[in-house]
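Okay, here's what each chain looks like letter by letter:
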Amino acid sequence: MRIVAGLERPRAGRVALGDEVWFDAARRIDWKPERRRVGYVPQDYGLFPHLSVAGNVRFAGRRPRPDLLERLGIAHLADARPAQLSGGERQRVALARALARDPHVLLLDEPFGALDAITRQRVRDELVDMLAVLRLPTLLVTHAFDDARALASRIGVLEDGRLSQLETPAELVAAPATVAVAALTGANVLGGTAIRRSDGAVIHLDGGGTLASAAPAAGPVRVAIYPWKIALTSPEMAQLTDRVLSVREDSGALVVRLQRCLVRAPVSAVADIALAEGALVGLRVAAADVHVLVA
Amino acid sequence: MSTGHGIAVTSAGGSPSPRRAAVARAALVAGAAVLMAVVLTFLVLPIVALLTYQPVHDLIDGLRAQVTIDAIIVSLKTNAIAFAITVVLGTPFAYILARHQFRGRSVVITLVELPLVMPPAVAGLALLAAFGRLGLLGSELQVLGVDLAFTQAAVVLAILFVASPFYLRGAIAAFEALDGSVLDVAGTLGAGPVRRMLRVGIPLASGGLGAAAGASFARGMGEFGATILFAGSFQGVTQTLPLAVYSLFDANLDQAVAIGVLLLFVSAAILFASKLILRSWTTWTSPSSLRGVRSISAPR
């Protein structure tokens, strides 16, 4: 993100927006940050403490922007100093200031990192609405998959500085490419050994039990299974068994924590299964829902 | 459980009885009080002695004397010029030095700090060696028709050489302490390097800059050694207040003391002002501040 803004210079690569090339190591192009039209909102918002809210916003456009203050619901704070604002207000001021720049791209670095859990939810919803209205290309960095899914049309997963997958949130969940993507999107990741079959593979899990997979695989593998794709059954008719650690209800579903994985099932679907702590339960997963990962 | 453990340890260690502990504490407090009294007396006694050396009307007479008025004018004029040059050139210099990494940066900073530790008399000699009639640049300056030695310009140079490093060092530290991310953001908002410095860097460092300016100005007002060697002590031309104190010391001690009292008040005022600047600056940047809270409770 700092590279896109021009605040850091990579050794190689290229940064371009449309036909405008902002950085190209090979062609020795490197625009200064002030020349790139970015609306950058850093994690700590980087507000100017010595300027009022209106002054902060005016800094970017060199003219007062009461319309922006109005639009972001901070017009009543125009004379306040950043130190007097709450986290959510600061974020809106930083956003207003970034927009006053008339940016061609919006850069949001961990926009919820500095907020508490309750404010976070509200600010995120506001940001969803705001981005829908703005229709600006937006690059957002976050560690929370929920935030990314709520805000992004496409999610790129960075692992050790490399982009491992760039897809829509739904595609990411439908086919996680790596263990990290699977874990990030909330899947259970289990280890096992695959044996190839005509219709895919059979996977003998390390802790016991076998799963069928629609995708072909052979040798040691890892599989990702989403908690809401696992059906709980009685132990006798299961592909694998596991012991219950805890059960809690979460918005109409039961979240069952087992020794080896997490299961999320509608309350009605598990009505006749004993889920006491320590109880042995059976698990079934459809072959299409077993994602074989490159280990 | 922990208290029981604590008691066991203290009794095993043979701790003093409560009465002895109280005595020990009282002795400690008394010792601290004596130490404070000795240090404060040593520092304050000479100041009190100076202030009470003569009756107030003699003091005022001393300040009204022509030699004093001349010295006040010379001091104010030379210090104002030196101070302006220091701040106008020194601020961007310090900013560049503080915010950029380049080869030889630490050497430059060391060179800036050198006059701070140099004896003022040596500074005066060095200035003579550089700008004096027989000095390094003496013949070049003479060609240009500039003769610095024993002029007011020489006083300004002496003050600049001795006092400006105080500002430079403080300003470099103030700019180094800035949150770089705020300057980065200013850049992404379209501000070039000059606007970043003027609108963000300097205002945010203003507390540190003010303190540094105060230290530098105080040092300039008190400058003696370099000035007397390089500029001499001519009443109405190069005789600043400290030089007047020295030249009156033999001739008229009462007048010397009067000027001393004046300089004392100037120093105290500078100290007070820089503390004030620093405090007001920390209040308006700190989040706990509630100053200027107006339309904060949201009318929504």
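Just so you know, these numbers come straight off a predicted model, no measurement behind them. (Residues numbered from 1 in each chain as written. Chains lettered and ligands numbered in written order. Predicted model: local features only at pLDDT ≥ 70, side-chain atom pairs only at ≥ 80, totals over all residues. Heavy atoms only, no water.)

Peer 1: Explanation requested: the overall build of chain B in the structure shown.
Peer 2: A count of helical and extended segments in chain B gives 13 helices and zero strands. Across chain B, helices and strands are ordered from the amino to the carboxyl terminus as α-α-α-α-α-α-α-α-α-α-α-α-α. Taking all 300 residues of chain B together, 35% fall into the buried category. Across chain B, every contact between residues at least 6 apart in sequence was considered, and the portion connecting residues at least 24 apart equals 74%. A total of about 17,000 Å² of accessible surface is found on chain B, and carbon and sulfur atoms cover 72% of it. (Helix = DSSP H or I, 4+ residues; strand = E, 2+ residues; numbered from the N terminus. Buried < 20%, exposed > 50% of the residue type's maximum accessible area, 1.4 Å probe, protein only. Contact = heavy atoms within 4.5 Å. Areas by Shrake-Rupley, 256 points an atom, 1.4 Å probe, with all protein chains shown as cover.)

Peer 1: Help me out: how do you make sense of the pairing of strand β17 (residues 280-285) of chain A in this one?
Peer 2: Walk down a regular strand and you will see the side chains alternate between the two sheet faces. All names here are of chain A. Alignment of strand β13 (residues 230-233) against β17, held across four bridges, turns out to be antiparallel. Note on β17: the bridge partner recorded for T233 is G282. Judged from the four bridges that link them, strand β14 (residues 240-250) and β17 form a sheet pairing that is antiparallel. Bridge pairing in β17 places D242 opposite V281. (Pairing = 2+ DSSP bridges.)

Peer 1: Can you help me understand the environment of I202 of chain B in this one?
Peer 2: Residue and element names in this part refer to chain B. Inspection of the secondary structure puts I202 in helix α10 (residues 193-221). A C-alpha to C-alpha distance of 50 Å links I202 and A27, two positions 175 residues apart in sequence. Setting aside residues no more than four positions away along its own chain, I202 makes contact with T91, F175, M197 and L209.

Peer 1: Looking at this model, I keep getting lost on helix α5 (residues 117-134) of chain A. Mind explaining?
Peer 2: Working note: α-helix, 3.6 residues per turn, so residues spaced by three or four point in the same direction. Residues and elements named next belong to chain A. For α5, which comprises 18 residues, the first-to-last C-alpha distance of 25 Å matches the rise-based estimate of 26 Å (1.5 Å per residue) to within 8%. Where α5 is concerned, the buried positions are T119, V123, R124, L127, M130, L131 and L134. With its buried residues spanning 130° around the axis, α5 presents them on a single face. Facing away from the buried surface of α5 by more than 90 degrees, the exposed residues are I118, D129, A132 and V133. (Expected span 1.5 Å × (residues − 1). Arc of directions from axis to C-beta.)

Peer 1: Would you mind showing me how to read unusual backbone geometry here?
Peer 2: The phi angle of most residues is negative, glycine excepted, and most peptide bonds adopt the trans form. Residue and element names in this part refer to chain A. In this structure, R135 is a non-glycine residue whose phi angle is positive, near 50°. Structurally, the position occupied by R135 is in the loop between α5 and β6 (138-141). Positive phi values are uncommon outside glycine, yet D160 reaches one of about 50°. Among the secondary structure elements, D160 is positioned in the loop between β7 (155-159) and β8 (162-167).

Peer 1: What is the right way to read the pattern of salt bridges from this model?
Peer 2: Two side chains of opposite charge can pair, provided their charged atoms sit close to one another. Per the stated rule, a full pass over the model turns up 18 salt bridges over all chains. Between R2 of chain A and E8 of chain A there is a salt bridge, with the nearest N and O atoms lying 2.8 Å from each other. On the basis of relative accessibility, which here comes to 44%, the residue E8 of chain A falls in the partly exposed class. Salt-bridge contacts for R92 of chain A lead to E126 of chain A; the nearest nitrogen and oxygen are separated by 3.8 Å. On the criterion of sequence distance, the pair formed by R92 of chain A in helix α4 (residues 87-100) and E126 of chain A in helix α5 is long-range, its members being 34 residues apart. Judged by its relative accessible area of 11%, R92 of chain A is buried. One salt-bridge network, held together by shared partners, links R2 and E8 of chain A together with D184 of chain B. (Salt bridge = Lys/Arg side-chain N within 4 Å of Asp/Glu carboxyl O.)

Peer 1: Could you clarify how one ought to interpret the pairing of strand β12 (residues 219-225) of chain A in this entry?
Peer 2: Residue and element names in this part refer to chain A. The pairing of strand β9 (residues 188-197) with β12 spans seven bridges and is antiparallel. If you follow V189 over to β12, its bridge partner there is A224. Two strands pair when backbone bridges link them, and β12 and strand β18 (residues 291-293) are joined in this way by three bridges, in the antiparallel orientation. Paired with V223 across the two strands is V292, which belongs to β18.

Peer 1: So what exactly am I meant to see when it comes to the confidence of the model for chain B here?
Peer 2: Fine structural detail should not be taken from predicted coordinates in areas where pLDDT scores are low. All names here are of chain B. Per-residue pLDDT for chain B averages 86, and the proportion of residues at 70 or more is 88%. Confidence, read as mean pLDDT per element, is least for helix α1 (residues 2-12) in chain B (44) and greatest for helix α4 (residues 66-99) (96). Below a pLDDT of 50 lies the segment residues 1-13, which in the model reaches one contact outside its immediate sequence neighbourhood of four places, other chains included. Low confidence marks residues 287-300, where pLDDT is under 50. Its contacts with residues over four positions away, or in another chain, come to 20 contacts. Among the prediction metrics, the complex's ipTM stands at 0.77, with pTM recorded as 0.77. (pLDDT = per-residue confidence, 0-100.)

Peer 1: What is the right way to read the packing of helix α3 (residues 56-64) of chain B against α4 of chain B from this model?
Peer 2: Two quantities define a packed helix pair, namely the angle between the helix axes and the distance between the axes. Residue and element names in this part refer to chain B. One can describe the packing of α3 onto α4 by two numbers: an axis separation of 5 Å at closest approach and a directional angle of 60°. Considering their axes alone, α3 and α4 lie oblique with respect to each other. Contacts from G62, L63 and R64 in α3 reach Q66, T68 and I69 in α4. Grouping the constituent residues of the contact of α3 with α4 by class yields two nonpolar, three polar and one charged. (Axes fitted to C-alpha atoms, helices over the stretch in contact; angles between N-to-C directions. Parallel < 35°, antiparallel > 145°, perpendicular 65-115°, else oblique. Nonpolar A, V, L, I, M, F, W, Y, C, P; charged D, E, K, R; others polar.)

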